[in-house]
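Given next are the chains, with one letter for each unit.
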Amino acid sequence: MEKISKGFLLLCFSLWYLPGFAQLTVKGTVKEQGTERALVKASITAVGSGKTALTDEKGRFELSVANLQDTLRITYLGYTDRLIPLQGRASVIVQLVPDASKLDEVVVVGYGSMKKGEVTSAIANVKSDEFVQGMVRSPTQLLQGKVAGLQMSNPSGDPTAGVQINIRGVSTISASSDPLVVIDGIPGGSLNAIAPEDVESIDVLKDGSAAAIYGTRGTNGVILVTTKKAKAGAASLDYHTYYSYEQLQKKPELLNATDYRSLLQDPQFADKVSDEGTSTDWVEEVTRTPINFVHNLSLRGGTASTNYMLSGTYRSQEGVLLRTYKKPIILKANINHNMWDDKLKFQFNISNSMVTQQVTWYDAFLQAMLSNPTRPVYAADGTYNEYGVSYKPYNPVALLNEETDKQRANTLLTSGRITYSPISNLNVSVMGGFQRYDDTRDKWNTFRYFTTTIENKNGEVTKWNNLHMDRTLELTADYVKDIGLHSITGMIGYNYQDFNRQGSSMYAFDFPTDYFEAWNIQSSNAILDGRAQLSSYRNNSKLISFFGRLTYNYADKYMVMTSLRREGSTKFGKDNKWGFFPAVSAGWRISKERFMENAKAIDDLKLRVGYGITGTEIGSAYQSLVLLNYTSPSFLNGEWIRGVVPASNPNPNLKWERKAEWNVGLDVSLLKSRISATLDLYDRTTSDLLAEYQVPVPPNYTSSMWANVGKINNRGVEISLTGKAVQREQFDLSLTGNFSYNKNKVVSLSNESYQRDYWYTGWTSSGIQQYTHIVKQGEPLGNFYGLKAVGLSEEGRWLVEALDGGQKLQSEAGQEDKQVLGNGLPKMYASLNVYMRYRKFDLGMMVRGAFDYQVFNEYRAHWETMGRISEGNLPKSALNKPFGSNSYVWEPQVYNSYFIEDGDFVKIDNITFGYNLNLNNKYFKRLRVYLSGLNLYTFTGYKGMDPEVSIKGLAPGVESKSLYPTVRSYTLGCMINL
């Protein structure tokens, strides 16, 4: 009986334990179809048990399964997923097909790169085939409307001007709000050194956890520019050329000659206007419709061990205003060499930009709008018609023709990197970079310019020269270790940057002749009597950084990234030269959980959470120190002597602004990537804001002090949604929409040592001379501040709202009657990108807009009054009678709410129609021809030239009366691959 009992127990134990012995092992290899290349870290999942494994460096894997009738799911980023029924097999060979929609899903992060699926921060990636097409002025303009949360403005049509960029609002009140630009790994690289045609991709680090690796310069976000690189293979020659036609985006609505003469029939104006006998369209006289062009030629080739890329670009960009232009020549080279079985790698990059450009005084366009339309350009003797008084308009044609302001600039950007891999997965690199910028600027005017004909200066000459040199040394080491389903990567580094700035200028006038233009300046009589001016400057600063990053990935399901940067700057006070900038972010790929197995429509679902601290540098190299100035000279004891006085107060506690940011994001892909979306919520607070405060004298040397005091908060949401509506062999249709909302608030401007509840900023220039904005604790940045117009008196004078709610004449109103009149920063941005392909034809369109903001129209404020009709021409709107009154506006120029308008707009910004031909013959591989339009049409209720105005500084949202008008362009281009 005892034996039977023991046997029964043994049988029961065996039956209970049998499944443990029943586990079977399946082995296999995962390769890329067509190339047989092993795919490393591909994920293999047994559908029945949920167990997973990753392939090794040779694409091999082993996985335990319950039985050989199970099914394996194989996934790899950038490739189409596969389901493989085992059907009794214990060994399989799997080939994955590349997914064209995912092949390039690799994003650049600080000091490295990673797969998009592994990213746990808010990072946007834009490839070259997604860029804006047409005559763009800067590589950053390629991103217009492509990235949610990236706010961009083109407030000027000047070919020498750039674009304005904010990322997630304005996070500072005194320092620069420009994002850090990193070009091919060099922080602070100049975009002037590269051609837009040479850019391969651009990555935008938007949140603190992504940007903290760049420390003191990451507060405003980071833009990582990757240029085109060398590739192994037969020599390939690419030629890209396009011609562009430009015109005014909008012509101002002014009184023409007929309108102006009709005023003579009205007794109110008969004695205030004069008919000078002709009909002149002054805007036509100072503008043109230029034909611009670009030629870009690049050569790539080489072997697997040594390869190269050479490119050259010539751009001719003429402006719509006469004699304005920008003509850069940009040369670039990239050489790579690998040796010792690819354990030792050399990379060398060099880019050089040589620019010649002509700039102009923007007042020329204003003077054209103000000039009498019945007045001829030239007098009977061939000289320019000038009134000879300063309160009348200057001849705008003379302003453009008789003054030259030419700048020649050279930007050199070069870097070299050596990478050594002593063992598998360990890379040690050293990189050296050098950037040099030098420019000379010569400005002179002839004796036919108003400064001579009216002000009797007999010609003026101003000469500037500047030299900037930046040196970079970077040491990094990174290591990757895979242990089963666990993947760990680490990176440590050191960075040293040295910045040198120097320059000088000279100004002189009263010359015996204007024949020598900007030269022979020693002949100036102003030099003889001490009226000429000389100045020079030089400064130096350094940044030293130690940084590191650690990432952990479990089965591509749970991901964590941490980073830390310790950085020191010579710009800050002696007690705060060093700071720490930590960051942490985590990702959870929910779609890989077992409870999501039946959610067949969801391809990918990932939750991201991140927190990071970044900083902002001060502008001046010596802002924390006592600066000394010389006094005016005095003649003592037979010689000229200058005294020395303090010009600033020292602040040993001066430090960088500190921004702390939370970010929560969600990435989702549905229906086999037919629909994908990204949602980000952020909350960023910048503390220790740098600002200037009033202090007592004594004990201080001067009455103002720079200090870290205030706090500002930005909160917002960003949404990006892509839908591939149609995917056919002959026809594709996809749409991508971006939306962002930002709410800004000045939390505080005071602490126990420095108090300041508000200050005024912005300025309306001569004639009005009032502040336009207020920076106030508890309010958003960008608020317009002034008097609210509510009516017009019978005499044509402005009535405004008083403090008690009543009305009073604006001339009798005081500071207590002023109020917030709007805000110049758009709270919402949106864009829609549409791409359609039919066979060899493609069509792309981008529509974008900015919403919920106001624009101060400075031109209207100065000239929309019949009280100035005797001074020059006026806009047609000056004939309006505001608020239903019976009178024209007769009061001189004023600043009030009547001239602050809603700026909301929607622009058809870019349309491109192309034809692609794959020739693949002996001489030609590919040909593309396209037509493109840029800034084509604006839907807006704004009455001015363009509602797309400045978003920088503390006084945004102003369309200046002195401006360079924005333009519309049409482009015909051709790309040939040989």
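Analysis parameters
- Along every chain, residues carry numbers that run from 1 in the direction the sequence is written.
- Where totals are concerned, whole chains, interfaces and linings use all residues; where local detail is concerned, this predicted model gives features only for residues with pLDDT of at least 70, and gives and counts side-chain atom pairs only at 80 or more.
- No hydrogens and no water enter the side-chain calculation; it runs on all heavy atoms of the structure.
- UniProt positions are given in the numbering used here, feature names are shortened, and annotations may be inferred rather than shown by experiment.
- Pairing between two strands is assigned when DSSP locates at least 2 bridges connecting them.
- Think of it this way: any DSSP run of H or I at least four residues long counts as a helix, any run of E at least two long counts as a strand, and we number them from the N terminus.
- Axis lines are fitted to C-alpha atoms, over the contacting stretch for helices. Their N-to-C directions set the angle, which ranges from 0 to 180 degrees.
- Among buried residues, those of type Ala, Val, Leu, Ile, Met, Phe, Trp, Tyr and Cys that are joined through side-chain atoms within 4.5 Å constitute a nonpolar core.
- Throughout, exposure labels follow a simple rule: accessible area from a 1.4 Å probe, protein chains only, divided by the maximum for the residue type, with under 20% read as buried, over 50% as exposed, and the rest as partly exposed.
- In what follows, a contact means two residues having at least one pair of non-hydrogen atoms within 4.5 Å.
- Confidence of the predictor at the level of single residues is captured by pLDDT, which takes values from 0 to 100.

Per an unreviewed UniProt entry, the chain is named SusC/RagA family TonB-linked outer membrane protein, and its organism is Olivibacter oleidegradans. Recorded in UniProt under Subcellular location (unreviewed entry), the annotation for the chain is "Cell outer membrane". For the record of the chain, the UniProt heading Sequence similarities (unreviewed entry) holds the text "Belongs to the TonB-dependent receptor family."

Below, the discussion takes up the sheet that holds strand 4 (residues 60–65). The three strands lie next to each other as 4-1-7, forming an open sheet whose pairing is mixed. At either margin of the open sheet sits one strand with a lone partner, and together these are strand 4 and strand 7 (91–96). Strand after strand, the sheet turns through a mean of 30° between neighbouring axes, direction not considered. With six bridges joining them, strand 1 (residues 24–32) and strand 7 adopt parallel strand pairing. What sits directly across from Lys27, in strand 7, is Ser91.

Under the present numbering, the feature "domain: TonB-dependent receptor-like beta-barrel" (unreviewed entry) in UniProt falls on residues 383–936. Secondary structure over residues 383–936 splits into 4% helix and 57% strand, and the C-alpha atoms at its two ends are 39 Å apart.

Our focus in this paragraph is the nonpolar core. Side chains that are nonpolar tend, in soluble globular proteins, to be buried together. In terms of nonpolar packing, the biggest core is built from 39 residues, with Leu263, Val286, Phe365, Tyr859, Met866, Ile869 and Leu874 touching the most fellow members. Only helix 4 (282–286), helix 5 (363–370), helix 6 (396–401) and helix 9 (858–863) provide two or more residues apiece to this core. Sequence-distant contacts of Leu263, that is, excluding residues within four places in its chain, are made with Leu255, Phe269, Ala270, Val273, Met866, Ile869 and Leu879. Counting 28 residues, the second largest nonpolar core, distinct from the first, contains Ile183, Leu191, Val199 and Val225.

On to the sheet that holds strand 15 (residues 199–205), then. The mixed open sheet is built from five strands, whose spatial order is 10-15-16-13-14. Where the open sheet ends on each side, the last strands, each with one partner, are strand 10 (123–127) and strand 14 (186–187). Sheet analysis places strand 10 next to strand 15, joined by five bridges and oriented antiparallel. Its bridge partner lying in strand 15, Val126 is registered against Ile202.

Residues at a pLDDT of 70 or more form 96% of the chain, whose mean pLDDT is 91. For the stretch residues 1–21, pLDDT sits under 50, and the model shows zero contacts to residues farther than four places along the chain or on other chains. Below pLDDT 50 for its whole length, residues 100–104 participates in six contacts with residues either more than four positions away or in separate chains.

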